[in-house]
Amino acid sequence: MGRVALVTGGSRGIGAAISKSLLADGHKVAATYAGNDDAAAAFTKETGIKTYKWNVADYDASAAGIAQVEGDLGPVDIVVANAGITRDAPFHKMTPEQWKEVIDTNLTGVFNTVHPVWSGMRERKFGRVVVISSINGQKGQFAQVNYAATKAGDLGIIKSLAQEGARAGITANAVCPGYIATEMVMAVPEKVRESIIGQIPAGRLGEPEEIARCVSFLVSDDAGFVNGSTISANGAQFFS
Ligand code: CAA
């Protein structure tokens, strides 16, 4: 059944693959982005998916943007909180700004994205919430105290939302991608990246589409009893 889906950070990387997958599933999709106008325009040209620009770290901007999406497409039944950033540094070098920027975007951004659609989902007795966490929220990562904290926080969020939403027909689940071939991972110094790939039993980075297929399943009407769970898609790099 076609529904209205909102994907934050949905015009690039894993988010773009998720937007496309949900469109292929027959949903009406809105993709948000924060800054890269050219990438968003190219994405819309390629897919026909409308993009909306706002900063997920800003509650008022998120609420206003979501109201605009709902005016254009209808009430949001599927929300995928995917937008995220890295500001990697060993802890002794990490600045308060690097900490705050990542917390505001990756963690508060999830609150700001889900909270404005939550009451509507409760009233309509249907909702699908998926948060894109990370293997590094499960195992921690050198130089990612900030990022790992947010990605571990995502798992607390979905487990709590799952309990609150279950009787209202709302599910909340997470996907924990391992290292996926996106700009974010390609920004890691090559030597470090090669050593990370060496730790992946699959012997390769994952593809964004391999994460998107997990999301397509979790948001389907058929997945109503899968609630509060985490799908790890990491090529056997880590088991939690
Ligand atoms: N494990 C152990 N040691 C590591 C390391 C790691 N993963 N990464 C770096 N180091 C070491 C370096 O070899 C270096 O050691 P020496 O001093 O003995 O040479 C030291 O740590 C870092 O030294 P610097 O002071 O020069 O570090 P820096 O301030 O220049 O920072 C860095 C470099 C930011 C840590 C860089 O190495 C880096 O980006 N590392 C990768 C971090 C990472 O894996 N991020 C994940 C991004 S992908 C993502 O986040 C998506 C997802 O969800 C999976």
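Above this note sits the structure.
Not measured: the values here are computed from a predicted model.

Here we look at the packing of aromatic side chains
Inference 1: Throughout the structure, instances matching the rule amount to one aromatic pair.
Inference 2: Judged by centre distance (6.0 Å) and plane angle (40°), the ring pair of Y59 and F111 falls under tilted. Linking Y59 in helix α3 (residues 59-73) with F111 in helix α4 (residues 96-124), this pair joins segments that are 52 residues apart in sequence.
Inference 3: The exposure class assigned to F111 is partly exposed, which follows from its relative accessible area of 45%.

Thoughts on the side chain of K151
Inference 1: With respect to the helices and strands, K151 occurs in helix α6 (residues 145-165).
Inference 2: The side chain of K151 is buried and forms no salt bridge, while D154, the nearest opposite charge, is found at 4.0 Å.
Inference 3: Those residues in contact with K151, other than ones at most four positions away along the chain, are N106, I132, S133, S134 and G137.

Quick notes on the site of the ligand
Inference 1: Around the ligand, the surrounding shell holds 19 residues, and the nearest of these are D88, K93, S134, Q144 and Y147.
Inference 2: Here a nitrogen atom of the ligand sits 2.7 Å away from a polar atom, N or O, in the side chain of D88.
Inference 3: Contact distances for the ligand include 2.6 Å between an oxygen atom and a side-chain N or O atom of Y147.
Inference 4: Protein chains bury 57% of the 1000 Å² of accessible surface belonging to the ligand in isolation.
Inference 5: Of all elements in the fold, only α7 (183-186) and α8 (190-197) reach the threshold of two or more residues within the shell around the ligand.
Inference 6: Here the shell around the ligand is built from residues that sort into 11 nonpolar, six polar and two charged.

Here we look at a nonpolar patch on the surface
Inference 1: Together, F91, W99 and V145 line one region of the surface with nonpolar side chains, adding up to about 310 Å² of accessible area.
Inference 2: Inspection of the secondary structure assignment puts V145 in helix α6.
Inference 3: Owing to a relative accessible area of 37%, V145 belongs among the partly exposed residues under this scheme.

Considerations on the layout of surface pockets
Inference 1: By volume, the largest pocket amounts to about 1200 Å³.
Inference 2: Together, 50 residues line the largest pocket, and G84, I85, T86, T182 and M184 are the ones closest to its centre.
Inference 3: For the lining of the largest pocket, the elements supplying multiple residues, two or more each, are α1 (13-24), β2 (28-33), α4, α5 (135-139), α6, α7 and α8.
Inference 4: Here the lining of the largest pocket is composed, by residue class, of 24 nonpolar, 20 polar and six charged.

Notes on the sheet that holds strand β1 (residues 4-7)
Inference 1: Taken together, the seven strands give an open sheet; going across it, the order is β3-β2-β1-β4-β5-β6-β7, and neighbouring strands pair in parallel fashion. Of all strands in the sheet, those bounded by a partner on one side alone are β3 (50-53) and β7 (230-233). Across the sheet, the mean angle from the axis of one strand to that of its neighbour is 20°, orientation sign disregarded.
Inference 2: Here β2 pairs with β3 via four bridges, running parallel.

Digging into the nonpolar core
One broad rule of soluble globular proteins: the nonpolar side chains tend to lie buried together.
Inference 1: Among the nonpolar cores identified, the biggest contains 27 residues, and L6, W54, V69, V76, V79, V114 and V129 are the most heavily contacted of them.
Inference 2: Looking at this core, the elements with two or more residues in it are β1, α3, β4 (78-81), α4, β5 (127-132), α6 and β6 (170-177).
Inference 3: Every residue in contact with V69, bar those within four places of it in the chain, is listed here: L6, A30, Y52, W54, G74 and V76.

About the criteria used
- Residues numbered from 1 in each chain as written.
- Predicted model: local features only at pLDDT ≥ 70, side-chain atom pairs only at ≥ 80, totals over all residues.
- Heavy atoms only, no water.
- Phe/Tyr/Trp six-rings, centres within 6.5 Å; stacked < 30°, edge-to-face > 60°.
- Helix = DSSP H or I, 4+ residues; strand = E, 2+ residues; numbered from the N terminus.
- Buried < 20%, exposed > 50% of the residue type's maximum accessible area, 1.4 Å probe, protein only.
- Lys, Arg positive; Asp, Glu negative; His and termini not counted.
- Salt bridge = Lys/Arg side-chain N within 4 Å of Asp/Glu carboxyl O.
- Contact = heavy atoms within 4.5 Å.
- Near = heavy atom within 4 Å.
- Polar contact = N/O pair within 3.5 Å; in protein donor to acceptor, adjacent residues only side chain to side chain.
- Areas by Shrake-Rupley, 256 points an atom, 1.4 Å probe, with all protein chains shown as cover.
- Nonpolar A, V, L, I, M, F, W, Y, C, P; charged D, E, K, R; others polar.
- Patch = residues over 30% accessible without salt bridge, like charges linked within 9 Å, V, L, I, M, F, W, Y side chains within 5 Å.
- 1 Å grid on protein atoms, 1.4 Å probe; cavity = no way out; pocket = protein on both sides within 12 Å on 5 of 7 lines; lining within 4 Å.
- Points joined across faces, edges and corners; volume = space filled by probe spheres on them.
- Pairing = 2+ DSSP bridges.
- Axes fitted to C-alpha atoms, helices over the stretch in contact; angles between N-to-C directions.
- Core = buried A, V, L, I, M, F, W, Y, C linked by side-chain atoms within 4.5 Å.

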